[in-house]
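Listed below, chain by chain, are the residues.
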Amino acid sequence: MVSDPSAGTIVLWIVILALVIFVVVALFKMVQVVPQATAQVIERLGRYSKTFEPGLHWLVPFIDKVRAKVDLREQVVSFPPQPVITSDNLVVSIDTVIYFQVTEPKSAVYEIANYITGIEQLTVTTLRNVVGSMDLEQTLTSRDQINGQLRGVLDEATGRWGVRVNRVELKSIDPPQSVQGAMEQQMRAERDRRATILTAEGVKQSQILTAEGEKQSQILRAEGDAQAQILTAEGEARAILQVFDAIHTGDADPKLLAYQYLQMLPQIANGTASKLWVVPTEFTAALGSIAQGFGGVPGTPGIPTPPSADDEGEGSAAQRARSSMLGSSGLTDPGEALAEARRQAEAATAEATSAGTRSGAPFDPSETRGQRPSGAGPTPPATGPEPRTLGGEPDEPEAPQQ
């Protein structure tokens, strides 16, 4: 049988193609690129050979094998809530979070089958041991202490695994619902107590401040009333002194007092309920002064005797002294007012006398004896138109008529 040259050529090309594929696959397996923050554990013929760091590495094809790829970054693992019994026999659910990092890839691969599961179980066991020695209040308020104890135990146990535990955090501690309700009531009662205390303190301070303010206001009001009464008394005293000085300065005579009595009498009798009113005892003397002002005879009961020249001099001196004391009061000088009144009286008497003389009626001096004021001059003759004056010498007293 003769061989076919075309069939041998086909077989040859198939073998060559297989060799090429084998070489390409061998080259692909020979080159190994390790990413950053990653390590590869290499085994040669089933045994640990080396650990590849990040970068380009060469493997012996079909002899070296990558056993595991280890992440060297810090990892965060959150474990599900675990029931833990406290020392006061309360079951609480604690959720933990572990922060760890692989420092030795060979130990993490060969020392433990699954280091994450090992860390979880070790965390639960350690947590039960730590929390089991505390009551609920300490468990809720001792998070930092629990975290520190867990980290110390886990770091010591995971060190031979090539794992370093950086932090352990308790994410939540959930007591039973009944205990939560009791805690809420306790907290509400505590806050109500604090609010009541603060309210009482506020009311106390408010009442103290109010009482203090009322005390100060009463003290200030009393001081104001006292000062007002003092000022009122001083004003009344000054007014009395002013009136007293004005009366003495004006040298008021009985005629003025009589005039004031006459003005006040209608006011005394003006009241509708007034059934009886009293005339002052000085009213007779006042009427005598009025009679003297209209020419009454001095010495008659009820008619005062006019002052002498010495008395007038002394009165003028006292009047000038009081005028100097009350110079700024704005009152008219009493001497000038009295002189003006006398001048008006003399003028009125002269006018009345002249009018009677011109009328032709006889003039009887005895008819005007009781009408002339004290200190008037001698009685003029029966005939003559000359008026009488009030500034002359007084007439000699006549014998009373029988």
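Rules of the game
Residues numbered from 1 in each chain as written. Predicted model: local features only at pLDDT ≥ 70, side-chain atom pairs only at ≥ 80, totals over all residues. Heavy atoms only, no water. Core = buried A, V, L, I, M, F, W, Y, C linked by side-chain atoms within 4.5 Å. Buried < 20%, exposed > 50% of the residue type's maximum accessible area, 1.4 Å probe, protein only. Helix = DSSP H or I, 4+ residues; strand = E, 2+ residues; numbered from the N terminus. Contact = heavy atoms within 4.5 Å. Phe/Tyr/Trp six-rings, centres within 6.5 Å; stacked < 30°, edge-to-face > 60°. Lys NZ or Arg CZ within 6 Å of the ring centre and 35° of its normal. 1 Å grid on protein atoms, 1.4 Å probe; cavity = no way out; pocket = protein on both sides within 12 Å on 5 of 7 lines; lining within 4 Å. Points joined across faces, edges and corners; volume = space filled by probe spheres on them. Nonpolar A, V, L, I, M, F, W, Y, C, P; charged D, E, K, R; others polar. Expected span 1.5 Å × (residues − 1). Polar contact = N/O pair within 3.5 Å; in protein donor to acceptor, adjacent residues only side chain to side chain. Patch = residues over 30% accessible without salt bridge, like charges linked within 9 Å, V, L, I, M, F, W, Y side chains within 5 Å. Areas by Shrake-Rupley, 256 points an atom, 1.4 Å probe, with all protein chains shown as cover. Salt bridge = Lys/Arg side-chain N within 4 Å of Asp/Glu carboxyl O. Pairing = 2+ DSSP bridges. Axes fitted to C-alpha atoms, helices over the stretch in contact; angles between N-to-C directions.

S.K.: Even after reading the chapter, I still don't get the nonpolar core, so can you show me in this structure?
M.R.: Where a protein is soluble and globular, its nonpolar side chains tend to be buried together. Membership of the largest hydrophobic core comes to 31 residues, with the highest contact counts inside it found for Ile94, Ile98, Phe100, Leu127 and Ile146. Those elements giving two or more residues to this core turn out to be strand S5 (64-71), strand S8 (91-102), helix H2 (105-110), helix H3 (115-131), helix H5 (143-158) and strand S9 (163-174). With residues up to four places along the chain from it excluded, the contact list for Ile98 reads Gln75, Val76, Val77, Phe79, Ile119, Thr123, Leu154, Val165, Arg167 and Val168.

S.K.: What is the right way to look at the packing of aromatic side chains in this model?
M.R.: Centre-to-centre distance and the angle between the planes together describe a pair of aromatic rings. A full pass over the atoms with the stated rule returns three aromatic pairs. Between Phe22 and Phe62, the ring centres sit 5.6 Å apart and the planes meet at 0 degrees, which makes this aromatic pair stacked. Residue Phe22 is found in helix H1 (residues 5-30), and its partner Phe62 is found in the loop between strand S4 (55-58) and S5; the two are separated by 40 residues along the sequence. On the basis of relative accessibility, which here comes to 52%, the residue Phe62 falls in the exposed class. Judged by centre distance (6.0 Å) and plane angle (75 degrees), the rings of Phe100 and Tyr115 are edge-to-face. Of this pair, Phe100 sits in strand S8 while Tyr115 sits in helix H3, placing them 15 residues apart in sequence. Across the pair, Tyr115 and Phe100 agree in class, each one buried. Across from the ring centre of Tyr99, 5.8 Å away, lies the NZ or CZ of Arg167, which sits over that ring.

S.K.: I'm lost on the layout of surface pockets in this one. Help?
M.R.: Any empty space left between the atoms is revealed when a probe the size of a water molecule rolls over them. There is about 210 Å³ of room inside the second largest pocket. Lining of the second largest pocket is provided by Leu136, Glu137, Leu140, Val179, Met183, Gln186, Met187 and Glu190. Taken together, the elements giving at least two residues each to the lining of the second largest pocket come down to helix H4 (136-141) and helix H6 (177-250). Looking at which element gives the most residues to the lining of the second largest pocket, the answer is H6, with five residues. When grouped by side-chain class, the residues that make up the lining of the second largest pocket number five nonpolar, one polar and two charged.

S.K.: How do you make sense of H3 when you look at a structure like this?
M.R.: The terminal C-alpha atoms of H3 lie 24 Å apart, and with 17 residues this matches the ideal 24 Å at 1.5 Å per residue to within 8%. Along H3, the positions that sit buried rather than exposed are Tyr115, Gly118, Ile119, Glu120, Thr123, Val124, Thr126, Leu127, Val130 and Val131. The N-capping residue of H3, defined by a side-chain oxygen 3.3 Å from the backbone nitrogen of Ile116, is Asn114.

S.K.: Explanation requested: a nonpolar patch on the surface in the structure shown.
M.R.: Together, Leu17, Ile21, Phe22, Val23, Val25, Leu27, Leu45, Val60, Phe62 and Ile63 make up an exposed nonpolar region whose accessible area comes to about 940 Å². Structurally, Ile63 can be placed in the loop between S4 and S5. The exposure class assigned to Ile63 is partly exposed, which follows from its relative accessible area of 35%.

S.K.: Can you walk me through the sheet that holds S5 in this structure?
M.R.: For sheets, the rule is that strands pair by backbone hydrogen bonds, running either parallel or antiparallel. Strand order in this open sheet of three strands is S3-S2-S5, and the pairing throughout is antiparallel. Either end of the sheet is taken by a strand with one partner, and the two such strands are strand S3 (47-52) and S5. Looking at each pair of strands side by side, their axes are set apart by 25 degrees on average, direction ignored. Relative to S5, strand S2 (residues 38-44) is paired through seven bridges, and the arrangement is antiparallel. In the sheet register, Ile42 faces S5, and the bridge partner there is Val66.

S.K.: Please clarify how the pairing of S3 should be interpreted in this entry.
M.R.: Both S2 and S3 contribute to a ladder of five bridges, which runs antiparallel. Note on S3: the bridge partner recorded for Gln40 is Phe52. Between S2 and S3, which follow one another and run antiparallel, lie two residues, and Leu45 among them has a positive phi close to 60 degrees.

S.K.: Teacher, can you tell me more about the side chain of Thr139 here?
M.R.: For Thr139, the location among the structural elements is in helix H4. Dropping the residues within four chain positions of it, Thr139 is found in contact with Thr86, Val131, Met134, Ile146 and Ile173.

S.K.: Explanation requested: the pattern of salt bridges in the structure shown.
M.R.: A side chain with one charge can pair with a side chain of the opposite charge if their charged atoms come near. On inspection of all chains with the given rule, the structure shows seven salt bridges. The residue Arg44 makes a salt bridge to Asp64 at a minimum N-O spacing of 2.4 Å. Of this pair, Arg44 sits in strand S2 while Asp64 sits in strand S5, and the two are 20 residues apart along the sequence. One network of salt bridges, with partners in common, ties together Glu190, Arg193 and Arg194.

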